[in-house]
Amino acid sequence: METFKIADKEFNSRLFTGTGKFKNSQLMKEALEASESELVTVALKRVDVSDADDQILTHLNHSRINLLPNTSGVRTAKEAVFAANLAREALETNWVKLEIHPDPKYLMPDPIETLKATEELAKQGFIVLPYIHADPVLCKRLEDAGTAAVMPLGSPIGSNKGLKTIDFLDIIIEQANVPVIVDAGIGAPSDAARAMEIGADACLVNTAIAVSDNPVQMAIAFKTAIEAGRMAYEAKLASPVKHAAASSPLTAFLDEL
Amino acid sequence: MSFKEVFDQYHWDDIKSSIYNKTAEDVERALRHSDRDIEDFKALISPAAAPYLEQMAQISHELTLQRFGNTMQLYAPLYLSNECQNICTYCGFSLDNKIRRKTLNDIEIAREVKAVKDMGFQHILLVTGEANQTVGVDYIERAIKQIRPHFANVSMEVQPLDQEDYERLIQQGLHSVLVYQETYHKADYKIHHPKGKKSNFYYRLETPDRLGKAGIHKMGLGALIGLEDWRVDSFFVALHLDYLERKYWKTKYSLSFPRLRPFSGGLEPKVEMVDRELVQLICTYRLFNQEVELSLSTRETNQFRNHAIKLGITTMSAGSKTNPGGYAVEPQSLEQFEISDERSPEVIKTILEQNGYEPVWKDWDLALESAI
Ligand code: SF4
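Remember, predicted model here, so these are calculated numbers, not experimental data.

**Re the interface of chain B and chain A**
- Listed as interface residues are 24 residues of chain B and, on the opposing side, 27 residues of chain A.
- The junction of chain B with chain A conceals about 2300 Å² of combined surface from both sides, 58% of it contributed by carbon and sulfur atoms.
- On the chain B side of the interface with chain A, the three residues burying the most area are E54, R246 and W249 of chain B, jointly 31% of the side's total.
- In this structure, the connection of chain B to chain A is made through three salt bridges.
- For the salt bridge of R276 of chain B with D255 of chain A, the shortest nitrogen-to-oxygen distance reads 2.8 Å.
- For the pair chain B and chain A, the interface holds eight residue pairs in polar contact (both at pLDDT 80 or more).
- Listed by contribution, the elements that provide at least two residues to the side of chain B that touches chain A are helix 3 (24-32), helix 5 (53-68), helix 12 (230-247), helix 13 (275-288) and helix 14 (302-308) of chain B.
- Classifying every residue of the side of chain B that touches chain A gives seven nonpolar, seven polar and ten charged.

**Section: a negative patch on the surface**
- On the surface, a cluster of negative charge is contributed by D167, D170 and E174 of chain A together with D35 and E291 of chain B.
- Here D170 of chain A is to be found in helix 6 (residues 166-175).
- Using a relative accessible area of 31% as the deciding quantity, one classes D170 of chain A as partly exposed.

**Some remarks on helix 8 (residues 163-171) of chain B**
Residue and element names in this part refer to chain B.
- All of the buried residues in helix 8 are D165, Y166, L169 and I170. With its buried residues spanning 135 degrees around the axis, helix 8 presents them on a single face.
- Residues of helix 8 that are buried make contact with helix 7 (137-147), strand 3 (153-157), strand 4 (176-178) and helix 11 (207-214).
- Phi turns positive one or two residues past the end of helix 8, at G173, with a value near 105 degrees.

Criteria and cut-off values
- Residues numbered from 1 in each chain as written.
- Chains lettered and ligands numbered in written order.
- Predicted model: local features only at pLDDT ≥ 70, side-chain atom pairs only at ≥ 80, totals over all residues.
- Heavy atoms only, no water.
- Contact = heavy atoms within 4.5 Å.
- Buried area = accessible area lost by both parts, 1.4 Å probe.
- Salt bridge = Lys/Arg side-chain N within 4 Å of Asp/Glu carboxyl O.
- Polar contact = N/O pair within 3.5 Å; in protein donor to acceptor, adjacent residues only side chain to side chain.
- Helix = DSSP H or I, 4+ residues; strand = E, 2+ residues; numbered from the N terminus.
- Nonpolar A, V, L, I, M, F, W, Y, C, P; charged D, E, K, R; others polar.
- Patch = residues over 30% accessible without salt bridge, like charges linked within 9 Å, V, L, I, M, F, W, Y side chains within 5 Å.
- Areas by Shrake-Rupley, 256 points an atom, 1.4 Å probe, with all protein chains shown as cover.
- Lys, Arg positive; Asp, Glu negative; His and termini not counted.
- Charge placed at Lys NZ, Arg CZ, Asp CG, Glu CD.
- Buried < 20%, exposed > 50% of the residue type's maximum accessible area, 1.4 Å probe, protein only.
- Arc of directions from axis to C-beta.

Any link to function would need more than the numbers given here.
See below:
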C-alpha cells in the first residue's frame, strides 16, 4: 500500500483516530495501539495542558503517535485562532484540526468562519486540517487559503450513519490537490472501506471504536477495512459498461471517406 | 507548483513508449473504469485502441449528451491582423512569408463586426499574429473595448501575455483565451519556432498558469497536429488540462485539435493523422474528461464535421474567414490557412437541426461580468 503525506509528514496508516468517549484512558490506549494509527486527535477542551500527569496526554506518549489538537468548542474564527495558538504553545505542535461549530445540536461546521480561520492560521504557519461539510467548492476555497488537507463529513458527528454525502465526497476527491480525510459519521468498518474505495486518503474514526463493546477488536476491524478499501482503490475498481452494438452507427462513415 | 515543474518530470520518449506498449487488455480496462486517469488516457489513445473505436464513440456520445445535451455552440473567428514578427514553419503569417500585411483600424473593425453579427453570431474569437509594435496589448485592449458591447462573448487567440496584461483585458470584458502549445516536444518546438518571442518554449508553456492567476473565465488548450507524434502531444494536453482544472478551479476549459492545413509557403506535416485517428482522439478526450468543451474548426471537411456532431464535439466555428478583413473589408487578403468547410452558418444550423441538435448562438451575457 502506498504511504501518503500531509504537509511534510509521511503516514503508513490511513486510519486516524480520536480520543473521546472511551470508558477509560487505559482502554483508549489499548485501542489506539491496536489501530496502529499515527495521528490522533485530542480536544483541547478535554486536556489539561498544564498538568504533566494529564490522563489522556500521558497515555498518548508514544513515539508513533502524532498529536492533532482540535479546537472543538469554539464558535468563531477568532476563538479558533486563539485556541490553535494555545495548543501550539502547550503541545508543541503547529498541527491543528479546525473545528468550528456554533450549532450545539448537530455540531455542524461553520463554513465561513472555518475559511477565515484557515486563512489566518495558514499565514501564521499552522498545518491546518479543517473539519467541514462535504462541500466541493469550500474545499477548493480552503486549498486557495493554504489548507494542508480537508476533512469533509460522511454524516453528522457521532451519528454512525455512514457516508450519506458520498456523491459530494466523490467530487471533492476528484478535484483535490490536498489529502481528503473523511471525518465524522463513519459507523462501521464497511463505511470506512467504502470511503477508501472511492479514493479518500484517510478516515478519522472515533465514536464507532470508542463506544463498541470491544474497542480493541473494533480498532483492528477498522484498520483492516481501511487497508482493504485502499488496496481495492489502488487495484482500481471496474464499473459495468454497456457493450457496443455489432453495427457501427457512429463510426461507419469513416469507411466511406 | 507551476506546470513547468510538472512537465519537467516527464520524458517524451518514456511517454511515447508507454503509449505504444499499451495492450488490448489495457484498453478494455480503461473502458471499464468510470473515472479514467492519465494511464487510461494513454491506453485509449494508443494504437491498441483502434479496434474499440465504435465502443469509444458510443461512450463518448453518451457522456457528451449527459453533460451538454443536444446542443452545439457556434462562434466565428475575427482576424484583426496578419502582422507577425515570429517565424513559425507552419503558418501563413510567418515573418519570412512575403505577403501583404494588414491590421484593421477602428472603421474596418466596425465593418467586420457588422458582417459577423449579420450572420447571427454572438460569440466571437479575436485573432492576431504577434507584432508587439503595432498589434500589442494597447491595440488589443482598444479593439476589445470597441467590440465587446456588440457580442455576448469575446474570446481571443493572440500571443502569450503577462499576467497583468491579461488582467487588463479581462477588465475590458475578455471572456476566454485560447493558447495552444503547438507541440510539447521541446527540441521540435525550437525547430518550428526558430525566431521571435515565440521561440521561448517555457514562456508559452506557463501561459495557462498566468491566465489562471489572472482569473480568466475560460481557456482553450491544444496541440497542433502534424508537428510531432500526435499521441504524445495529446497526452501532454491531457496532463496540462488535469493540472489546470485542479489548480484554477474557477476556470472553464476547452480543447481543440487542429490538424495542419495547407497554406501559402506550405510545410508538409511530419506526422499525418487520418480521420479515424482524429475520431479516436476526440473520443479519448471525452472519455478522460466529461466536462471539457471540445471544439472543431472549419479546417475539417464537411463530411467529417457532419459526423463529428455526435462524437463528442460541443463547439464549432462556421463560415470562418482566416484573413484580416475577410468578412467585409478585404475578402481577398491572404488567409492564415485554407479552410475546408466553407458552408455558411445558415447551412450548418440546418444540418445541426436535422441531426436533432440545437445550435447555440448565445451562451453568455455581458451582464454576468461583474468586473466591467
Ligand atoms: S502561428 Fe502565430 S506567431 Fe506563428 S507565425 Fe503564425 S501568427 Fe505568427
